[in-house]
Amino acid sequence: MENTYNFKVGMTCSGCSGAVTRILSKTEGVKSFDISLEKQTVSVVAAGLTQEQVFETIKKSGKPTEII
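Residues numbered from 1 in each chain as written. Predicted model: local features only at pLDDT ≥ 70, side-chain atom pairs only at ≥ 80, totals over all residues. Heavy atoms only, no water.

Undergrad: Explain the sheet that holds strand E1 (residues 2-9) residue by residue, including any values.
TA: Read across the sheet, four strands follow the order E2-E3-E1-E4 without closing on themselves; strand pairing throughout is antiparallel. Strands at the two margins of the open sheet, each flanked by one partner only, are strand E2 (30-36) and strand E4 (65-67). For this sheet the average axis-to-axis angle between neighbouring strands, irrespective of direction, equals 25°. As defined by bridge partners, E1 adjoins strand E3 (residues 41-47) across seven bridges and the pair is classed as antiparallel. Across the sheet, Glu 2 pairs through a bridge with Ala 47, a residue of E3. Against the sheet, helix H2 (residues 51-59) contacts E1, E3 and E4, and its axis sits at roughly 40° relative to E1. (Pairing = 2+ DSSP bridges. Helix = DSSP H or I, 4+ residues; strand = E, 2+ residues; numbered from the N terminus. Axes fitted to C-alpha atoms, helices over the stretch in contact; angles between N-to-C directions. Contact = heavy atoms within 4.5 Å.)

Laid out in structure tokens, this is it:
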């Protein structure tokens, strides 16, 4: 079953969003994601992952992250 999770991520440049992209691209179970640098949000479609697991994965980018 796929779920969509939304996060607020402190990204100020393309390097920031690139770090999040690299981490999510390597995460098994992430089917797709959309990053808005302008809104500083990340929407993730995942299968077999909880919201907490995706949250912890995004936090590994070193960017301030919160669940919205």
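Undergrad: Could you give me a rundown of the nonpolar core, with the residues and numbers involved?
TA: Phe 7, Val 42, Val 44, Val 54 and Ile 58 are the most contacted members of the largest nonpolar core, which has 15 residues in total. Listed by contribution, the elements that provide at least two residues to this core are E1, helix H1 (14-25), E3 and H2. Leave out the neighbours within four places in its chain, and Ile 58 touches Phe 7, Val 9, Val 20, Leu 24, Val 42, Val 44 and Thr 65. (Core = buried A, V, L, I, M, F, W, Y, C linked by side-chain atoms within 4.5 Å. Buried < 20%, exposed > 50% of the residue type's maximum accessible area, 1.4 Å probe, protein only.)

Undergrad: Account for the pairing of E3, with residues named and values stated.
TA: With six bridges joining them, E2 and E3 adopt antiparallel strand pairing. Residue Val 30 lies in a different strand from E3, and its bridge partner there is Ala 46. Counted along the chain from E2 to the antiparallel partner E3, the turn is four residues long, and its residue Gln 40 has a positive phi close to 55°.

Undergrad: Break down unusual backbone geometry for me, citing the residues and quoting the values.
TA: A positive phi is found at Gln 40, a non-glycine position, where the angle reads about 55°. Looking at the element boundaries, Gln 40 is found in the loop between E2 and E3.

Undergrad: Account for the environment of Lys 63, with residues named and values stated.
TA: Tracing the backbone shows Lys 63 in the loop between H2 and E4. Using a relative accessible area of 22% as the deciding quantity, one classes Lys 63 as partly exposed. Linking Lys 63 and Leu 49, residues 14 residues apart in sequence, is a C-alpha distance of 20 Å. Apart from the residues lying within four places of it in its own chain, the contact partners of Lys 63 are Val 9, Gly 10, Cys 16 and Val 20.

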